[in-house]
Amino acid sequence: MKVTILGCGGSGGVPQIGGEDGAGWWGACDPTNPLNQRTRSSILIEGGAGGRLLVDTGPDLRTQLLACRVPSVDAILYTHDHADHIMGMDEVRILNRLVGRPLEAFGMERTLAILKQRFDYAFLPATGPVFYRPAVDPVPLQAGDVVTMAGHRVQTFLQDHAVMDTLGVRVGDFAYSTDLVHLPEESLALLHGLDTWVVGCFQRRPHKVHANLDQVLDWVARLRPRRTVLTHMSPDMDHGWMLANLPPGVEPAHDGMVLTSA
């Protein structure tokens, strides 16, 4: 199985808008290191017996799919309804054209309800084969469900984002956890035996709704995946600093990073 990190930044990306002369605010990140340039967090799961499963459609989706040379997508999984994870919905229109059909959109009932409020036109009868608007077929699920998505057997699990629940996913010995500040015990139990875990780590100091570095390292010590890759990172998380200071087996993601797993 192949997993592509389409984007690994927080809601504002890195650099954030602003900075001296409008050149961008980099925080602690070295602006000369291209691996510090981060679009909003999303991944693509493919390979094995399955097709291409896109996780979230953030506002940078078009740029990400072009940069990573993704030819098409077979289904979408939404982790939650925050803007940095859904505002690329209009790019789904071209994905519909490429496969000639609406795309299944998996998510918790609240997530799908918010999507329908914001993008009601994407839930109308499809306009194929031209697709003048995005077209999705909603597939509601509950955290803890095991569901086949784009041919992949996906184990979902609950995450606490403080302001809402989010959805984590495990496919084989790979798991993805973005936008969380706490993991319930039943979710931690589903994460034992991982080879690779991509997990949100927003900054070094504590945060109200996102896990910080100490929290993530505590989870890693408990779960002991072979490889942990940090994502959804703010300008506080400099790539070079992390390479020099993270323990063995833990590393930062970067946009376009490709991971392989059984």
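These figures come from a predicted structure and were not determined experimentally.

Thresholds applied
Residues numbered from 1 in each chain as written. Predicted model: local features only at pLDDT ≥ 70, side-chain atom pairs only at ≥ 80, totals over all residues. Heavy atoms only, no water. Helix = DSSP H or I, 4+ residues; strand = E, 2+ residues; numbered from the N terminus. Rg over C-alpha atoms; globule rule 2.2 N^0.38 Å. Buried < 20%, exposed > 50% of the residue type's maximum accessible area, 1.4 Å probe, protein only. Contact = heavy atoms within 4.5 Å. UniProt positions renumbered as here; feature names shortened; annotations may be inferred. Pairing = 2+ DSSP bridges. Axes fitted to C-alpha atoms, helices over the stretch in contact; angles between N-to-C directions. Arc of directions from axis to C-beta. 1 Å grid on protein atoms, 1.4 Å probe; cavity = no way out; pocket = protein on both sides within 12 Å on 5 of 7 lines; lining within 4 Å. Points joined across faces, edges and corners; volume = space filled by probe spheres on them. Nonpolar A, V, L, I, M, F, W, Y, C, P; charged D, E, K, R; others polar.

Some thoughts on the overall build of the chain
In terms of helices and strands, the chain carries 7 helices and 14 strands. Scaling as 2.2 N^0.38, a compact globule of 262 residues should have a C-alpha radius of gyration of about 18 Å, and the chain matches this with 18 Å. Overall size of the chain, expressed as C-alpha extent along the three principal axes, is 50 × 50 × 35 Å. Sorting the 262 residues of the chain into buried and exposed places 55% on the buried side. Of the contacts made within the chain by residues no fewer than 6 positions apart, 64% connect residues no fewer than 24 positions apart.

A word on the UniProt feature "domain: Metallo-beta-lactamase" (unreviewed entry) in the chain
The residues that UniProt annotates with the feature "domain: Metallo-beta-lactamase" (unreviewed entry) are residues 39-232. A distance of 9 Å separates the end C-alpha atoms of residues 39-232, which is 23% helix and 31% strand.

Observations concerning the sheet that holds strand S11 (residues 196-200)
Adjacent strands of a sheet form backbone hydrogen bonds with each other and so pair up, either parallel or antiparallel. Read across the open sheet, the 7 strands follow the order S7-S8-S9-S10-S11-S12-S13; overall the sheet is mixed. Two strands lie at the open edges of the sheet, namely strand S7 (146-149) and strand S13 (250-252), each paired on one side alone. Each strand axis lies, on average, 25° off the axis of its neighbour in the sheet, ignoring direction. In this structure, strand S8 (residues 152-160) lies alongside strand S9 (residues 165-171), joined through 6 bridges in antiparallel fashion. By the bridge assignment, Asp160 is partnered in S9 with Asp165. Relative to the sheet, helix H6 (residues 213-223) contacts S11, strand S12 (227-231) and S13, its axis offset from that of S11 by approximately 155°.

Looking at the pairing of strand S6 (residues 136-141)
The two faces of a sheet get side chains in turn, since along a regular strand they alternate between them. Examined bridge by bridge, strand S5 (residues 103-108) and S6 share 6 bridges and lie parallel to one another. If you follow Ala105 over to S6, its bridge partner there is Pro138.

Concerning helix H3 (residues 92-99)
Along H3, the residues that are buried comprise Val92, Leu95 and Asn96. One face of H3 carries all of its buried residues, which in axial projection span an arc of 105°. Tucked into the core, H3 has its buried residues touching strand S3 (50-55), helix H1 (61-67), strand S4 (75-77), S5 and S6. Once H3 finishes, Gly100 follows within two positions and takes phi at roughly 75°, a positive value.

Looking at the sheet that holds S3
Reading across the sheet, the 7 strands line up as S6-S5-S4-S3-S2-S1-S14 and stay open at both edges, with mixed pairing between neighbours. Taken across any chain shown, the strands that pair with only one partner, and hence form the sheet edges, are S6 and strand S14 (258-260). Between one strand axis and the next, the sheet turns through 20° on average, direction left out of account. Direction of pairing for strand S1 (residues 2-7) relative to S14: antiparallel, over a ladder of 3 bridges. Bridge pairing in S14 links Thr4 to Val258. On the sheet, H3 packs against S3, S4, S5 and S6 and is oriented at approximately 135° with respect to S5.

What to know about the layout of surface pockets
Estimates place the volume of the largest pocket at around 190 Å³. Residue lining of the largest pocket: Arg62, Leu65, Leu66, Val70, Pro71, Glu91, Ile94, Leu95 and Leu98, and that is the complete set. For the lining of the largest pocket, the elements supplying multiple residues, two or more each, are H1 and H3. Broken down by class, the residue content of the lining of the largest pocket amounts to 7 nonpolar, no polar and 2 charged.

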